[in-house]
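Reading the structure
Each chain is listed here by its residues.
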Amino acid sequence: MHHVHLRRAAGALVLTLAMTAGCGSAGSGESTADSTADSAAGAGSATRVFAADNGEVTIPADPKRVVATGYAVPALIEADAALVGISSWQRGLPLMSDEDRATYDRLEKIAGETAAETNYEAIAKAKPDLIVIGVPAPAMADLDLDRLKSIAPVVAIGPTVPSAWRELSQRQSDAAGRAVNFGEAKAAYEKKAGELTAKYKDVLAGLKFGHVGAYGEIAGGTFQREFAGSWGTNIATDIGVTYYGEVKKKGGNAADVSEYPSIEELNESLGEADAITYTVQADGKPNEAVQYVLDSKLWKSLPAVKAGRTFPVRYSEAATYSSAMKTLDAIDQAFAPLLAQ
């Protein structure tokens, strides 16, 4: 496995050097793209082999017309890729900067929220030289891959466990020829996470956390318990939060890191927690599934709740480094009371 990553890293490095050499400074995405375009125009269209979920695919070394779907949409908007069409990505809108939101709104939507809502005619009309599919493996069954391949090279780079967005967005950016832009966003995130780790080190030491997620089923009387590596927990872990326990039975992908106990099992599930984080929406309010837990008599009897150690976390669905900066801010705001204790 490692040699694939090394090869990919080497490819990214060569690309980085070529891009940097092409323009005196690789400061802004646009100057890089423009100068690379000039040199590529003179050198004919170079290709490279890219290791995707769907095998080794020959793609343009510097794609000029990219179509992106699913998780590749926010990643490639942020990386300033040469996009000509995207799928809709409603869940990511609250996480986008004003500039990225303007780009999202401007781009033609060639697919809806699901892989089944793909408009092949619109994709063909956009004349892409690369198609980046960012949907989970099971959703690939809803796509006519042969039809897509007849339009342009297709690289599938889809999610597995929620925390894998880091590697996922890196590979998506790399495929679109934007490894440099990606590296800048990652460095900014890691710097901020490091600062918050130092800020909260003493108050988080020794605390065992649990997390209540937003996907419980009220009708079924269940709640979502998220463990380390899930949506609600993976960014908090980067600043030193420890989530204890694990799922009773791994079910693959997200089911490896979250489970759905009945509300009666709340104490059994979260009784050992010294503190509990829970997912809230962008406006700071819990959705119905989380509110159901907060309203339960059992919730009020949990040791962490009695101790006043419950923390609402906004923007828990971040799946790119730039959007995760918002999550870090939200976690910082939520944990501020810990420093006052």
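Thresholds applied
Residues numbered from 1 in each chain as written. Predicted model: local features only at pLDDT ≥ 70, side-chain atom pairs only at ≥ 80, totals over all residues. Heavy atoms only, no water. Axes fitted to C-alpha atoms, helices over the stretch in contact; angles between N-to-C directions. Helix = DSSP H or I, 4+ residues; strand = E, 2+ residues; numbered from the N terminus. Parallel < 35°, antiparallel > 145°, perpendicular 65-115°, else oblique. Nonpolar A, V, L, I, M, F, W, Y, C, P; charged D, E, K, R; others polar. Pairing = 2+ DSSP bridges. Contact = heavy atoms within 4.5 Å. Salt bridge = Lys/Arg side-chain N within 4 Å of Asp/Glu carboxyl O. Buried < 20%, exposed > 50% of the residue type's maximum accessible area, 1.4 Å probe, protein only.

So, on to the packing of helix α8 (residues 179-204) against helix α14 (residues 321-340). In contact at an axis separation of 10 Å, α8 and α14 are set at 10° when each is read in the N-to-C sense. With respect to each other, α8 and α14 are oriented roughly parallel. In the contact of α8 with α14, the residues fall into 17 nonpolar, 1 polar and 6 charged.

Turning next to the sheet that holds strand β8 (residues 209-213). If you walk across this open sheet you meet the 5 strands as β10-β9-β8-β11-β12, and the pairing is mixed. Strand pairing shows two members of the sheet lacking a second neighbour, β10 (258-259) and β12 (310-313), which therefore form its edges. Here β8 pairs with strand β9 (residues 224-226) via 2 bridges, running antiparallel. Residue pairing for β9: G213 is matched across the bridge by Q224. Contacts from α14 reach β8, β11 (275-279) and β12 within the one sheet, and its direction differs from that of β12 by about 165°.

Looking now at the pattern of salt bridges. Applying the stated criterion to the full structure yields 14 salt bridges. One salt bridge connects D329 with K192, and the closest N-O pair in it is separated by 2.8 Å. Of the two residues, D329 is situated in helix α14 and K192 in helix α8; the sequence distance between them amounts to 137 residues. Residue classification places D329 among the partly exposed residues on the basis of a relative accessible area of 34%.

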